Amino acid sequence: MSSKSKSRYTAQMLSYRHAFHAGNFADVHKHLGLMLCLESLCKKEKSFSVIDTHAGAGLYTLDDERALLTGETNDGIVRLLSYCEEHLPPSALGRYISLISPYIKSNSYPGSPEIERSFLRDNDCLTLIELHSTEINILRAAMEGGGKDPRIHIHFRDAYEACRALCPPHPRRGLLIMDPSYEVDSDYENTVHSLEVVHKKWAEGIKILWYPVINHRSSEISKMKSSLVEMCERSNTPHLCSELILKPGTDDFGMTGSGLFFMGVPWLLEDQLRESSAFLKEVFK
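About the criteria used
- Sequence order as written defines the numbering, with residues in each chain counted from 1.
- Thresholds applied to this predicted model are a pLDDT of at least 70 for local features of residues and 80 or more for the giving and counting of side-chain atom pairs; totals over whole chains, interfaces and linings are not thresholded and use all residues.
- Calculation of side-chain values draws on the structure's entire complement of heavy atoms; hydrogens and water are dropped beforehand.
- Burial classification: accessible surface area is computed with a 1.4 Å probe over protein chains only, and a residue below 20% of its type maximum counts as buried, one above 50% as exposed, and the rest as partly exposed.
- Only DSSP runs of H or I covering at least 4 residues are called helices, and only runs of E covering at least 2 are called strands; the numbering of each starts at the N terminus.
- Read the arc as the range of directions from the helix axis to the C-beta atoms.
- Polar contact criterion, stated in full: a pair of N or O atoms within 3.5 Å, where within protein one must be able to donate a hydrogen and the other to accept it, and residues adjacent in sequence count only if both atoms are side-chain atoms.
- Within this document, salt bridges are pairs made up of a side-chain nitrogen of Lys or Arg and a carboxyl oxygen of Asp or Glu, the two lying within 4 Å of each other.
- Only strands joined by at least two bridges in the DSSP assignment are considered to pair.
- Any two residues whose heavy atoms approach within 4.5 Å are treated as being in contact.
- Definition used in this section: a nonpolar core is a set of buried Ala, Val, Leu, Ile, Met, Phe, Trp, Tyr and Cys residues joined via side-chain atoms within 4.5 Å.
- Each axis is a line fitted through C-alpha atoms, taken for helices only over the stretch in contact, and angles between the N-to-C directions span 0 to 180 degrees.
- Reported orientations rely on four angle classes, namely roughly parallel under 35 degrees, roughly antiparallel over 145, roughly perpendicular from 65 to 115, and oblique for the rest.
- Residues are grouped as follows: Ala, Val, Leu, Ile, Met, Phe, Trp, Tyr, Cys and Pro are nonpolar; Asp, Glu, Lys and Arg are charged; every other residue, Gly included, is polar.

**Quick word on helix 8 (residues 159–166)**
Point 1. Burial in helix 8 covers these residues: A159, Y160, A162 and C163. Taken end-on, helix 8 shows its buried residues confined to a sector of 165°, consistent with a single buried face.
Point 2. Structurally, the start of helix 8 carries an N-cap: the backbone nitrogen of Y160 is 3.2 Å from a side-chain oxygen of D158.

**A short note on the pattern of salt bridges**
Point 1. The final tally for this structure, using the stated rule, is 16 salt bridges.
Point 2. The partner of R95 in a salt bridge is E39, with the nearest N and O atoms 2.9 Å apart. With R95 in helix 5 (residues 91–105) and E39 in helix 2 (residues 25–41), this residue pair connects regions lying 56 residues apart in the sequence.
Point 3. Overlapping salt bridges, with partners in common, bring together D27, K30 and D179 in one network.

**Observations regarding the pairing of strand 1 (residues 49–52)**
Point 1. Burial along strand 1 is two-sided: the residues S49 and I51 and V50 and D52 are all buried.
Point 2. As paired elements, strand 1 and strand 4 (residues 125–130) share four bridges and run parallel to each other. The residue of strand 4 that forms the bridge with S49 is C125.
Point 3. Both strand 1 and strand 6 (residues 174–178) contribute to a ladder of four bridges, which runs parallel. When the sheet's bridge partners are listed, S49 is paired in strand 6 with G174.

**Describing unusual backbone geometry**
Point 1. The omega angle of the peptide bond from C167 to P168 is 5°, so this bond is cis rather than trans.
Point 2. Residue placement: P168 occurs in the loop between helix 8 and strand 6.
Point 3. The linkage connecting H170 with the following residue, P171, adopts the cis geometry, with an omega of 0°.
Point 4. Considering the arrangement of structural elements, one finds P171 in the loop between helix 8 and strand 6.
Point 5. Unusually for a residue other than glycine, Y182 sits at a positive phi of about 60°.

**Considering the side chain of S49**
Point 1. By the secondary structure assignment, S49 is in strand 1.
Point 2. You can call S49 buried: its relative accessible area is 1%.
Point 3. Residues in contact with S49, not counting those within four places in the same chain, are C125, P169, H170, P171, R173, G174 and L175.

**Considerations on the nonpolar core**
Point 1. Of all hydrophobic cores here, the largest spans 76 residues; its most connected members are I77, L80, Y96, L175, L176, I208 and L228.
Point 2. Of the residues forming this core, the biggest block, 10 residues, is contributed by helix 2.
Point 3. Those residues in contact with L228 that sit more than four places away from it in its chain are V192, L195, L209, F261 and M263.

**Focus: the sheet that holds strand 5 (residues 152–156)**
Point 1. The sheet built from seven strands is open, its strands ordered 5-4-1-6-7-9-8 with mixed pairing. The sheet is open, and its two borders are formed by strand 5 and strand 8 (239–245), each paired with just one other strand. Neighbouring strand axes in the sheet, compared pairwise and without regard to direction, differ in orientation by 15° on average.
Point 2. Two elements, strand 4 and strand 5, share five bridges in a ladder whose sense is parallel. When the bridges of strand 5 are listed, L126 appears paired with I152.
Point 3. Packing against the sheet, helix 6 (residues 112–119) makes contact with strand 1, strand 4, strand 5 and strand 6, and its axis sits at approximately 170° to strand 4.

**Details of the packing of helix 8 against helix 9 (residues 187–201)**
Point 1. For the pair helix 8 and helix 9, interaxial distance at closest approach is 9 Å and the crossing angle is 5°. Compared by their axis directions, helix 8 and helix 9 come out roughly parallel. Every residue of helix 9 that contacts helix 8 at Y160, C163, R164 and A165 is listed here: D187, N190, T191, H193, S194, V197, V198 and K201.
Point 2. Tallied by class, residues from the contact of helix 8 with helix 9 come to five nonpolar, four polar and three charged.

**Examining the environment of A55**
Point 1. The topology assignment puts A55 in the loop between strand 1 and strand 2 (59–61).
Point 2. Through-space distance from the C-alpha of A55 to that of I136 is 8.5 Å; in sequence the pair is 81 residues apart.
Point 3. When neighbours within four sequence positions are excluded, A55 is seen to be in contact with P113, L128, I129, E130 and L139.

Right, dumping it as structure tokens:
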């Protein structure tokens, strides 16, 4: 990549701020899947590692002007909580709501780093990677507000380079979650390449890839998923694709759904996500 192309790539990548979208329907879907995998890891006493490649700010306030501007929080987690006042959610989704509710009551929404931290035990390890020069400082403040936690390691560096360099982690049991903004065209290829390298070095780790379902990107998304399926089949790795589709075919450029691809599938994950996704479609229709 030329220096000019690299500068343009970095500028595009660093223009993204998740505060505009925190707590939207895609966050609900993504964080539900993440929570279920963390629950699975916690069923055994053996310690585990978590690597979060696009950590973001870690914690978001519900009355942030960016969230208020888009209204995605109200259309996401706030709508879900309101709906569940009169409708009983599936067990897995109920546990997610129990996890999230204390934050909502304090006018905040936890990003994936805060959710991951909430599951850490004494000998577990969390590695957070973020390249945005503003988000990294917010992330450090959120994660180290009460003093540095020896279980948490924060890296100010490129996600794709870092995850390839930092795998396999110690302990080797654990998971990696990757959720780029996909505002840069090369993200679709970079995710596949990075996950291929990571999987070769750390086959036993669960890998979770989040992606947006966008009609005008259907070709890139299809190619990305096909490459991941082929990768899993070559290595005999169980895999699962979970998509929460809300507006199929109705919007060429907006996000019409949320996708999760799992390399390594904890027991009961598929059933839990299927049941929860059916409920969420009713909530967000």
